[in-house]
Amino acid sequence: MTEAILLVGGKGTRLRPLTVHTPKPMVPAAGVPFLTHQLARARAAGVEHIVLATSYLAEVFEPYFGDGAALGLHIEYVTEEEPLGTGGAIRNVAARLHSGPDDPVLIFNGDILTGLDIRALVAMHERTDADVSLHLTKVTDPRAYGLVPTDDTGRVLAFLEKPQTPEEIVTDQINAGAYVFRRSVIDAIPQGRPVSVERETFPELLSAGAHLQGMVDSTYWLDLGTPAAFVRGSADLVLGRAPSPAVPGRCGDRLVLPTARVAADAKLTGGTVVGEGAFVAEGARVFGSTILPGAVIEPGAVITDSLIGNRARVGERAILTGTVIGDGATVGADNELREGARVWCDAMIPAGAVRFSSDQ
C-alpha cells in the first residue's frame, strides 16, 4: 500500500522512571514492547517498509526488531544526533524512502495507542488529492491539545494551539498524531535543523494554500505519555478494548507470560499483565496493573493501576495504587503508596516506612 515513518526518538520524560533505561516505545504494554503493536497494526494495513526515526537510547531498537522480517516488514533505522522535532525527524529519514514525489507516506507518533482505520486514512488522502491528511479525534476537554477545525468537507481551516479560554475552544477536534504526507511535502521540509510539524510545517502549508485534509476517527485513542495512561493502555490491550494483532495471548482479564509464576490463590483482574520470569505470591491481588519481567510480588500485596518495573520487588501486605516502581527498586512490607507516587530505579523503601493509615 505505502511505506511509513515511525517517530520514536522522544526521551519520554513524563514516563520516568520507566524510561531511565528503556526508550518509551520499548516499554512493554500487554507483554511486548509498545512499538510492536504499532508495527503489527501497520503491517495489517498493508505497510511493508517502515523507517524508525530514533534518538534517545537508539541502540535498543535494532537488536530487538532486526530487519523486521519476523513481523513481515522491512525495517530501517535512522538516528538523530541532535533532537530535530517532529518535522526535522521526518525530513531526516527522507533519503530512506522509496516513494515517488506524489506517493503517500504514513507517519505515526510512537506514543499513541489507537484503533485508527489506517487504510481509510490513506484512501481519503488519495480520494481528496490532499498534500497532507491528518487523523483527528474528538475529546471532551480539548484544553491540553492543539485544535484542528475543519470545514464541512473535512478540509483543515487552522491549527490552534492549546486554548486558554472558552471562546478559544472552537472545536473538539484534535490532532491525533497520525498523518499521510505527499512525499514531495516531506522533501520540502528544511533539513538539518529542528522543525515542528504542528507549529511550523502545517501552518506554513496552510498559508501557502496547500490542501490539508482531516479525517475524524473516534475509535479508541490514547496518548501513552503518562504512567497512568500507559498502564491503562496496556490493560485495554489485554481486555480487548484497544485492537492489536500483537497481543501474545487471548484477550481477557489477565495475561500471564509463559515463564511467569502466579500462586494459585493470587487474584489477577482488570487486564493485568505478568511478564516473563515474574512471580506473584500467594494471597496477592493485582488489578489493572503491569508487572514487568523478573519482578516479585510478595504474599498479601495489593496492587491497583500500577506498573512494577523489571526485577523490582513489592513486599508483603504492601498496598500500591496508581504508582510506578522503577527497575530494581524494592518496596518493603506494609508500605502504602498512593496515586502519583514514583519510586526511582534501584531505590529501597524500608518496611512500613510510608503510610497513609495507622500501623494497626
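Our subject is the structure that appears above.
What you see as residue numbers is a count from 1 along each chain, following the sequence as written. Totals for whole chains, interfaces and linings use every residue, but because this is a predicted model, local features are given only for residues with pLDDT of at least 70 and side-chain atom pairs only at 80 or more, for both listing and counting. Values reported for side chains reflect all heavy atoms of the structure, with hydrogen atoms and water molecules removed beforehand.

## A short note on the pattern of salt bridges
A side chain of one charge can pair with a side chain of the opposite charge when the charged atoms of the two come close.
Alright, step 1. Salt bridge, as used here: a side-chain nitrogen of Lys or Arg that lies within 4 Å of a carboxyl oxygen of Asp or Glu. Evaluated as defined, the whole model comprises 15 salt bridges.
Alright, step 2. Among the salt bridges present, the one from Asp-187 reaches Arg-183, with a minimum N-O distance of 3.1 Å. Of the two residues, Asp-187 and Arg-183 are both situated in helix α5 (residues 183-187); the distance of four residues between them amounts to about one turn of the helix.
Alright, step 3. Taking relative accessible area as the criterion, Asp-187 reaches 34% and is therefore assigned partly exposed.
Alright, step 4. When its relative accessible area of 11% is taken as the criterion, Arg-183 is described as buried.
Alright, step 5. The salt bridge partner of Glu-200 is Arg-193, with a shortest N-O separation of 2.7 Å.
Alright, step 6. When accessible area is computed with a 1.4 Å probe and restricted to protein chains, residues below 20% of their type maximum are described as buried, those above 50% as exposed, and intermediate ones as partly exposed. The exposure class of Arg-193 is partly exposed, given its relative accessible area of 34%.
Alright, step 7. Connected through shared salt-bridge partners, Asp-102, Asp-129, Asp-131 and Arg-182 make up one network. Strands are runs of DSSP state E lasting at least two residues, helices are runs of H or I lasting at least four, and both sets are numbered from the N terminus onward.

## Brief notes about the nonpolar core
Alright, step 1. Counting 29 residues, the largest nonpolar core has Ile-5, Ile-90, Leu-134, Phe-181, Ile-186, Phe-202 and Leu-212 as its most contacted members.
Alright, step 2. Secondary structure elements with two or more residues in this core: β1 (3-7), β4 (49-54), α3 (85-92), β6 (104-109), β8 (132-138), β9 (173-182), α5 and α6 (197-207).
Alright, step 3. Any two residues having at least one pair of non-hydrogen atoms within 4.5 Å are treated as being in contact. In this structure, Ile-90 is in contact with Ile-5, Leu-7, Ile-107, Phe-181, Ile-186, Ile-189 and Val-197, ignoring residues within four places of it in sequence. Think of a nonpolar core as a cluster: buried Ala, Val, Leu, Ile, Met, Phe, Trp, Tyr and Cys residues, connected wherever their side-chain atoms sit within 4.5 Å.

## Digging into the sheet that holds strand β28 (residues 348-349)
What holds strands together in a sheet is hydrogen bonding between their backbones, with the strands either parallel or antiparallel.
Alright, step 1. Any two strands are treated as partners once DSSP identifies two or more bridges connecting them. With parallel pairing, the six strands of this open sheet are ordered in space as β13-β16-β19-β22-β25-β28. Every other strand in the sheet has two partners, leaving β13 (261-262) and β28 as the edge strands with one partner each.
Alright, step 2. Note: strand β22 (residues 313-314) against strand β25 (residues 330-331), two bridges, orientation parallel. Bridge pairing in β25 places Val-314 opposite Val-331.

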